[in-house]
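# Remarks on the overall topology
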Number of protein chains: 4
Amino acid sequence: MSAKQFLSDNAAPCHPRLWDAMRAVDEADSPYDGDRLSQAMDEAFSSAFGRECVALWVATGTAANCLALSTMVQPHGGVVCHLEAHIEMDEGGAPGFYLHGAKLLLCEGDHAKLTVDTISAVVEPIRDDVHQVQPHAVSITQASEYGCAYRPEEIAQIADYAHAKGLRLHMDGARFANAAAFLGVPAGEAAGSVDALSFGAVKNGGMSTEAILFFDPALADVARYRRKRAGHLQSKGRFMAAQLLAMLEGDLWLQNARSANAAAQEIASACADRLMHPVEANELFVRCTAAEREALREQDFAFYDWGIDAARFVTAWNSRQDDAMALARAISSL
Amino acid sequence: MSAKQFLSDNAAPCHPRLWDAMRAVDEADSPYDGDRLSQAMDEAFSSAFGRECVALWVATGTAANCLALSTMVQPHGGVVCHLEAHIEMDEGGAPGFYLHGAKLLLCEGDHAKLTVDTISAVVEPIRDDVHQVQPHAVSITQASEYGCAYRPEEIAQIADYAHAKGLRLHMDGARFANAAAFLGVPAGEAAGSVDALSFGAVKNGGMSTEAILFFDPALADVARYRRKRAGHLQSKGRFMAAQLLAMLEGDLWLQNARSANAAAQEIASACADRLMHPVEANELFVRCTAAEREALREQDFAFYDWGIDAARFVTAWNSRQDDAMALARAISSL
Amino acid sequence: MSAKQFLSDNAAPCHPRLWDAMRAVDEADSPYDGDRLSQAMDEAFSSAFGRECVALWVATGTAANCLALSTMVQPHGGVVCHLEAHIEMDEGGAPGFYLHGAKLLLCEGDHAKLTVDTISAVVEPIRDDVHQVQPHAVSITQASEYGCAYRPEEIAQIADYAHAKGLRLHMDGARFANAAAFLGVPAGEAAGSVDALSFGAVKNGGMSTEAILFFDPALADVARYRRKRAGHLQSKGRFMAAQLLAMLEGDLWLQNARSANAAAQEIASACADRLMHPVEANELFVRCTAAEREALREQDFAFYDWGIDAARFVTAWNSRQDDAMALARAISSL
Amino acid sequence: MSAKQFLSDNAAPCHPRLWDAMRAVDEADSPYDGDRLSQAMDEAFSSAFGRECVALWVATGTAANCLALSTMVQPHGGVVCHLEAHIEMDEGGAPGFYLHGAKLLLCEGDHAKLTVDTISAVVEPIRDDVHQVQPHAVSITQASEYGCAYRPEEIAQIADYAHAKGLRLHMDGARFANAAAFLGVPAGEAAGSVDALSFGAVKNGGMSTEAILFFDPALADVARYRRKRAGHLQSKGRFMAAQLLAMLEGDLWLQNARSANAAAQEIASACADRLMHPVEANELFVRCTAAEREALREQDFAFYDWGIDAARFVTAWNSRQDDAMALARAISSL
C-alpha cells in the first residue's frame, strides 16, 4: 500500500531484528516450548520487569487475554472491565468461550480507564447471592482503548481494591510498550502489581506472537494446560520465543514504542483542540467532519472513521516522521 | 542438535521457499485475512484439490481439527474416531473445549484406520435416545496415526456410510501430504468426499500454519466466527497465507512429502521384519528391545521409544539421505 | 408466615387441583417423559394455543429460558434482550452456561419492554464482522419484568423484525398467564408468533414445573437432548405433566392469574400517583420512602424494597382480597 | 400398569410419608432454599452420616453427579470412572456439559466396581504433560451399576489412593440406600471418606429430589452458584427438602431400601446359577435366553432385556413380596 498509513499498528511490518532472530533458530530444536529460547523467556521477562514471572508465548492478544483470565475466573464468575474494553467489544465473544460463559461486568470511566470509583459502582451492588454473577477478576488495559496510560498510582489503587475484595487483576497490554514508553518508568511500574499481563508484541513490530506474563506461578500452571487445550501450543514455538527475546534485547520493545509515540505526538501537537482523549500512546482520536476526512484521504492518508464525527489515527514502530509531519500539517490546514 | 534426527517432523526447519514468501509480504497489507494472499487461498486450494473449497489458515493442527469439527458437531453430539486418534490422545482435551463438551466415540481398527465395520460397530448400537450421545460426525486421519494411508475407495466407503447416516466427515491431514505422495493420486482423491480437511503444513516444512479446507461453504461461514472466538485470527495473517501458497506453488508440499517418504522407505527396506505397521508415509514403528534402542542412540540416532518394545522413527522434508541410510544399516546390524 | 404476603408469587402454595392431579398419577407409569400424561402435553398445549406445538416440562424458569434459547443460538452468537431481563439480571449466569458463552446483547426500553426501535438500535450497528458477536435470537418477557404486557401488535412488530433479520424469537413467560389474563385475548395471541415460549406455572400455583412450548418441532428435537444433558429429565416426569395438564384443565391457569391480577388492581387503584409502571399483571412498583415502607411493615405487610425509594408488591393466585384491600388502604393513608 | 413390575425403581410411586411431608409445607415459606426445611438439611444429614456435611437438594441424579463433579474438576481435567458408569453411559453427555468439556477417563473393573489397581492402570501412565488430560477426580458408584456394594475397606483404599494423588473422590449414590442396607453399616461407613456423595432418593420412594452431600464446605460454596446457574434452584425448594427430611426421619430411606433388597434376595435365591453379578442391592442381572424372557413376559412380568442373553430385574421399595416370590418360582421353572 502506497498510502501514508495510519490505519493500524496491527499490520505493520515485522522488525528486521525479529526476522534475524527467527532465522537464527531455523534449525530443529525441541518441539513446543521445550526449545532453548522458550525456556529462556521466564528469566528474560523477570529481568525486564524486575519481578519473578512465568512467560508463555501465544499467537494473539485475544488468546493472551482470554487464557490469562481463564486462570482467574471460574465459569460461574465474572470479569469487571470497561464497557469499551477490547475483551467486550472486539474479540468476537472469545471471553465467553475461554471462560465457559463467565460474564463481563461493565464499568464506565473516562478515556476507557477504570477507577476504583467506577469499579466499585459495579461491584458493590452485587449481593453475595447465587442469582447474581459474582466478580472474580478485574481487567484493565494499558494503554487504554483510547490510548491513555494508567499511572502507577492509579494501578496501585485498583490493585489494592481488587485484591482486598479477593479479585485477581489482569492487564491487557496490547499496547503496553507504548504506555511504558510514555510513562518513562520501568516495565514493572507500568504493570504494577497485576497478577497477569498480556504483553503485546504484534502491534509493536512482531510477526505472530504475544506473551502472557504470570506473576503468580500457580496461574501459569493452569495456563499451560489451557493453552494446549485451546490449540495455541505451536510445535515450532522457538520462532515465537525468538521474536519475544529479540523484543526485549536492548529494549527494542521500548525503542519501537517510542518511535510510534513520537509520531503520534507530532500529529497531536497540530490538533490539540480536536483531540477527544489525551494522546499518551500511539493512537489519536480526532474530531473532524466527514468532509474533512474526505479531504485528508484525498491527500493519501489512510485511517479509520471513528463514528460520524471523528477519525482514528494510529502510528506504528515504522511510521515515517515525514508522514506524521505531513498529517500534522494537513490537519492544521483543515 | 547434532544428532541424526528421527524424533519428529514437527520441529524441522522452515523450508527456504517459505522464508522467501514470508519476507516478500513484510510490507503492511490489510490486517487479519483481508490481505491479498489470504484472499487468494480459496482459489489456490480449490485448484489444487480440483474441487471448490474455502481455505482458512490456523496456527496448529489441534486448532484446525477442533475448529473444523466445531462446525459439524453440536455440543450435545459426538465425533466417531479411532481410539488412538490424535484428537483423543494428544490434544489435551481440546475437542472437549472447542465442541463444548461433545463426546468422542471411540472405534477400533488396524493401523489406526477406521473402516465401515468398526464405525458401524460403535454407531449402530446407539439408540435414538436422549440418554445416549448421538454421533454427529466421523473423523479419520490421513495418513493415520501409524503412518498408513486410506485408499480412495476406503474413504469413499466411509464417506458413503457417514453421509447416509447424516454424519459429517472430517479428515485430520496433519500428514496429508505424505499420504497423497504415497498414494500418487491427485489431492482431491486423497481427500475423497470429506466435508472438511485439516491440511497439515507445519510438519511438512511450514513454520506456523495449517489450513482448514471446507468443501461446504456453510461450514466455513461458521468457522470464521469460531476462529476469531478462539483467538486464532492473527492480525498479520499474510505471513500464514504466504506459507500456504508457497507450499502449493509448484507442488512444494508434495516434493517435501516425497523426500520424507523416501527417507522412510530407505529405512523400512532394512527392517521389514520388525515393522509393526506398513510404512506408507514418514513414520516407522519398529520392534526393538531397550538394548537395541540404546545401541542406536549410542550411534547418535535420535528417536522416541514406543512403549517398551518398540521405537518410532519419523523422517522429515529435510531428512538427509545419508542419515536414513546410516539408520537403515544400523538397524540391519542390530 | 403470618404476615400479609406480597413478597413474591414464587413461594405461594400449590393449587389443590394440582395436588389432586399429582396424587392421581402416583402409581408407576413409564419413566421420564414416556408416561401417558407427558405424552398428552403436546395436544393439550396445541389446543390451548390454537397452534401446533411441542411441550416439554422442565423444573424452573431459568432452565426453561436457557434450554429454549440453546436451540436457537449458537455458542458464537448472541441474544438480544432487555437490560433488565431476567436472563440478564437474575439467573446467575445460566445463559452463559447453557449457551456455551453466547452473549446477551442489551437493549433499553420503557417498562422493561423491547420495541423494534430499541432492538434495532442494538442490532443495526453490528457489522457482519467476526470481531463482533452476531445476534441469533431475540428474547422478550411477557409480562415484562415490570409487570407490563406486550400487546399482540407489539409482538407482531418485533416478530416481523426478528424473523426478517433471520433471528429467532423467544418469550420468557414466567408470568405469561397474568399477561394473557390482562390482555383478555386467546393464549395464542398473547404469545404471537414466537418460536418458543417459556410457559410459567410455578408462580401461578404450580409446585415444581414450567413448560417450554416449541412452535417449531425442529427446535424441540434439539431441546430434548439438551434437557437430558442438563440433568432436567426427571424420571417421574408424570408428576410434572400432571401439574401442567391440571393448569390447562378448565383454564385454571387463567383463573389463577385473574385472581392475582385482581388483587394487584385493588392495590393499584389506591396508589395510582405512586406507580412507576402501569399495573398490567400481578406486580406493583410503588414509590415510597423508607419511612413509609417501615410504616407498612409495622402493619404486617411483607414485601421487598425496590431500590431506595420504592417498594415492590407481588400478588399471587391465593392473595386474599382482604389483604389486598388492607394494603390499598394502608398505602392511601401514608 | 397391571404387570408385575421389575422394570425399574425409577418410576415407582412416591412414599406416603413423603406425600404427607410435602403437604405439610404447602403454605408459603421463604423461596429457593431459604425455607425452614431446606435450612435444616445440613444438620439432618450430618447427623445421619456422623460427619459434618452440607446438603443441597437437586432434581435428578444426573444433575447431582455433574454438579458435584463440577466443584472438583477443572474444565481441562478429567474424571476417572468405570467404563460402565452412569456418567459415561446414561447421562446424555451431561458431564461434558457441566464440566465444560472435561474428559471421562475410563477404567475396567469387575461388577462395575473400581479398584486401586484398575484406577492406577489408567492414572499412572498419564504423564504430567499438557498433551494429556490430567485426572482431577475419581467417581465411584455405590451400589455399582451392577448392583454391587463397595465394602468400607475398598472405599478406604480408593480414597487413600485418590487423595494421595491429589484427586477428589465422588460417589454416585443413586442406590446408596440399597448399598447401605446391604452392608448393614452406618451411613458414614457406607460412604467412607468421599468428598461428595450424590444421595439418591427418587429410586427409593422419592418424587422429585436427590441430595448432594459435600463433606468439604468449600465445594458446597461453589456448588450453590453452579446449581442456580444450571437452572436447578427451584423456588419452592421446601417441597424437595420435605421429601429428603422425611426420608431420613426414622430411617425411612433404609427401610425402603431393605424392602427392595429383600425382594431382590427372594428372586436371587431362585436363580443363583444364572446370576451375572452378586446381588447386593435391588438389581438382578440374570442369564436367560430370548425364549425364556418371552416365557416370563407371558406370565406378566415386566423387565428389561440386558443384551441378547440376559435380563435385568429391578425391585423397588414397594415391590410386592408375592410378585417377587412369583418371579422366583417362574425363573426356577424355566
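Just so we're clear, the structure is a prediction, and the values are computed from it rather than from any experiment.

## Here's the deal with the overall build of chain A
Within chain A, the secondary structure is distributed over 14 helices and twelve strands. Taken against the 2.2 N^0.38 rule, which gives 20 Å for 334 residues, the C-alpha radius of gyration of chain A at 20 Å falls within 12% of a compact globule. When the backbone C-alpha atoms are referred to their principal axes, chain A occupies close to 55 × 55 × 35 Å. The burial tally for chain A puts 62% of its 334 residues in the buried class.

## Quick look at the packing of helix α6 (residues 116-123) of chain B against helix α7 (residues 152-164) of chain B
Residues and elements named next belong to chain B. In contact at an axis separation of 10 Å, α6 and α7 are set at 25 degrees when each is read in the N-to-C sense. Taken together, the axes of α6 and α7 are roughly parallel relative to one another. α6 and α7 meet at a crossing whose hand is right-handed. Across from V116, I119 and S120 in α6, the residues of α7 making contact are Q157, I158 and Y161. When its residues are assigned to classes, the contact of α6 with α7 shows four nonpolar, two polar and no charged.

## Points about the relation of the copies chain D and chain C
By a simple turn and slide, chain D fits onto chain C: the slide is 0.0 Å along the axis, the RMSD is 0.0 Å, and the turn is 180 degrees. In symmetry terms, the pair is related by a two-fold rotation axis. Among all C-alpha atoms of chain D, that of A230 of chain D lies closest to the rotation axis, at 3.6 Å.

## Concerning the pairing of strand β5 (residues 134-141) of chain A
Residue and element names in this part refer to chain A. Burial analysis of β5 places eight of its eight residues in the buried class, the great majority of the element. Sheet topology note: the strand β3 (residues 77-82)/β5 ladder contains four bridges and is parallel. Within β5, the residue paired with G78 across the bridge is P135.

## Topic: the relation of the copies chain A and chain C
If you rotate chain A by 180 degrees and push it 0.0 Å along the axis, it lands on chain C with an RMSD of 0.0 Å. A share of 100% of interface residues in chain A that are also interface residues in chain C marks the association as one of identical surfaces.

## What to know about the packing of helix α8 (residues 176-183) of chain C against helix α12 (residues 252-268) of chain C
Residue and element names in this part refer to chain C. Put simply, α8 and α12 touch, their axes get as near as 8 Å, and they point 80 degrees apart. Here α12 runs roughly perpendicular to α8, going by the angle between their axes. Judged by residue contacts, A177, N178, A180, A181 and F182 of α8 engage W253, L254, N256, A257, R258, A260 and N261 from α12. Partitioned by chemical class, the residues of the contact of α8 with α12 number eight nonpolar, three polar and one charged.

## Observations regarding the interface of chain A and chain C
On the chain C side, the residues contacting the 15 residues of chain A number 15 residues. Taken together, the residues that form the side of chain A that touches chain C break down as five nonpolar, eight polar and two charged.

## Re the sheet that holds strand β3 (residues 77-82) of chain B
Strand-to-strand pairing in sheets goes through backbone hydrogen bonds, with the strands running parallel or antiparallel. Residue and element names in this part refer to chain B. The mixed open sheet is built from seven strands, whose spatial order is β2-β8-β7-β6-β5-β3-β4. Either end of the sheet is taken by a strand with one partner, and the two such strands are β2 (54-58) and β4 (103-107). The mean inter-strand angle of the sheet, taken between neighbouring strand axes irrespective of direction, is 25 degrees. Note that strand β7 (residues 196-199) and strand β8 (residues 210-214) share four bridges and pair antiparallel. Each bridged residue has a counterpart across the sheet, and for F199 the counterpart in β8 is A211.

## Here we look at helix α8 (residues 176-183) of chain A
All names here are of chain A. Here α8 lies mainly inside the structure; seven of its eight residues are buried. All of the buried residues along α8 are F176, A177, N178, A179, A180, A181 and F182. Taken together, the buried residues of α8 touch β6 (168-173), α9 (187-191), β7 (196-199) and α12 (252-268). Just beyond α8, the residue with positive phi is G184, at close to 70 degrees.

## Let's talk about the interface of chain D and chain C
With 37 residues of chain D in contact, the opposing surface of chain C contributes 37 residues. Looking at the side of chain D that touches chain C, the elements with two or more residues in it are α3 (61-70), α5 (94-98) and α10 (217-229) of chain D. Its residues assigned to classes, the side of chain D that touches chain C comprises 18 nonpolar, 13 polar and six charged.

## Describing the sheet that holds strand β4 (residues 103-107) of chain C
All names here are of chain C. An order of β2-β8-β7-β6-β5-β3-β4 is seen for the seven strands of this open sheet, with the pairing classed as mixed. The sheet is open, and its two borders are formed by β2 (54-58) and β4, each paired with just one other strand. Each strand of the sheet is rotated relative to its neighbour by a mean of 25 degrees, with strand direction disregarded. By the bridge criterion, five bridges tie strand β5 (residues 134-141) to strand β6 (residues 168-173) in an arrangement that is parallel. For T141, the partnering residue across the bridge sits in β6 and is D172. Against the sheet, helix α6 (residues 116-123) makes contact with β3 (77-82), β4 and β5, and its axis sits at roughly 130 degrees relative to β4, the strand it touches most.

## Things to note about the pairing of β4 of chain B
The two faces of the sheet receive side chains in turn, since in a regular strand these alternate between them. Residue and element names in this part refer to chain B. The buried fraction of β4 is high, at four of five residues. Note that β3 and β4 share five bridges and pair parallel. Along β4, the bridge assignment pairs G78 with K103.

## Re the nonpolar core
In this structure, I212 and L213 of chain C together with I212, L213 and I267 of chain D are the most contacted members of the largest nonpolar core, which totals 247 residues. With residues near it in sequence (within four places) discarded, I212 of chain C still touches L56, V58, A64, L67, A68, A196, S198 and A223 of chain C. With 246 residues, the next largest nonpolar core counts F6 and A281 of chain A together with L114 and F215 of chain B among its residues.

## Thoughts on the domain arrangement of chain A
All names here are of chain A. As assigned here, chain A comprises domain 1 (4-11 + 252-332) and domain 2 (16-250). Relative placement of domain 1 and domain 2: their C-alpha centres are 26 Å apart. Taken together, the contact pairs 19 residues of domain 1 with 23 residues of domain 2. Counting residues per element, the ones that place at least two in the side of domain 1 that touches domain 2 are α12 and β9 (283-287).

## Concerning the environment of Y304 of chain D
Residue and element names in this part refer to chain D. Relative to the helices and strands, Y304 resides in strand β11 (residues 304-305). Accessibility expressed as a C-beta count within 10 Å gives 13 for Y304, which makes it partly exposed. For Y304 and F6, which are 298 residues apart along the polypeptide, the C-alpha to C-alpha distance reads 8.1 Å. Once you skip the residues sitting within four places of it in the chain, Y304 turns out to touch L7 and R312.

## Examining the confidence of the model for chain A
Looking at chain A, pLDDT values average 97 and 99% of them are 70 or higher. Two numbers describe this predicted complex: its pTM, 0.97, and its ipTM, 0.97.

## Overview of unusual backbone geometry
That bond from Q142 of chain A to A143 of chain A is cis: its omega, -10 degrees, falls within 30 degrees of zero. Tracing the backbone shows A143 of chain A in the loop between β5 and α7 (152-164). One non-glycine residue with positive phi stands out, namely D251 of chain A, at about 55 degrees. Relative to the helices and strands, D251 of chain A is located in the loop between α11 (238-248) and α12. Note on D251 of chain A: 16 C-beta atoms within 10 Å, which makes it partly exposed. In this structure, H111 of chain D takes a positive phi of about 60 degrees despite not being glycine. As for its position among the elements, H111 of chain D is in the loop between β4 (103-107) and α6 (116-123). Residue classification places H111 of chain D among the partly exposed positions, given that 18 C-beta atoms sit within 10 Å.

## Observations regarding the environment of R226 of chain B
For R226 of chain B, the position within the fold is in helix α10 (residues 217-229). R226 of chain B sits 142 residues away from E84 of chain B along the chain, and the two C-alpha atoms are 26 Å apart. For R226 of chain B, the residues in contact, after removing those within four places along its chain, are L67, S70 and T71 of chain B together with H76 of chain C.

Cut-offs applied
Residues numbered from 1 in each chain as written. Chains lettered and ligands numbered in written order. Predicted model: local features only at pLDDT ≥ 70, side-chain atom pairs only at ≥ 80, totals over all residues. Helix = DSSP H or I, 4+ residues; strand = E, 2+ residues; numbered from the N terminus. Rg over C-alpha atoms; globule rule 2.2 N^0.38 Å. Buried ≥ 20, exposed ≤ 12 C-beta atoms within 10 Å, placed from the backbone. Axes fitted to C-alpha atoms, helices over the stretch in contact; angles between N-to-C directions. Parallel < 35°, antiparallel > 145°, perpendicular 65-115°, else oblique. Left-handed = near helix turned anticlockwise from the far one by under 90°. Contact = placed C-beta atoms within 7 Å. Nonpolar A, V, L, I, M, F, W, Y, C, P; charged D, E, K, R; others polar. Least-squares fit on C-alpha atoms with pLDDT ≥ 70 in both. Pairing = 2+ DSSP bridges. Core = buried A, V, L, I, M, F, W, Y, C linked by C-beta atoms within 7 Å. Domains from an automatic or database assignment. pLDDT = per-residue confidence, 0-100.

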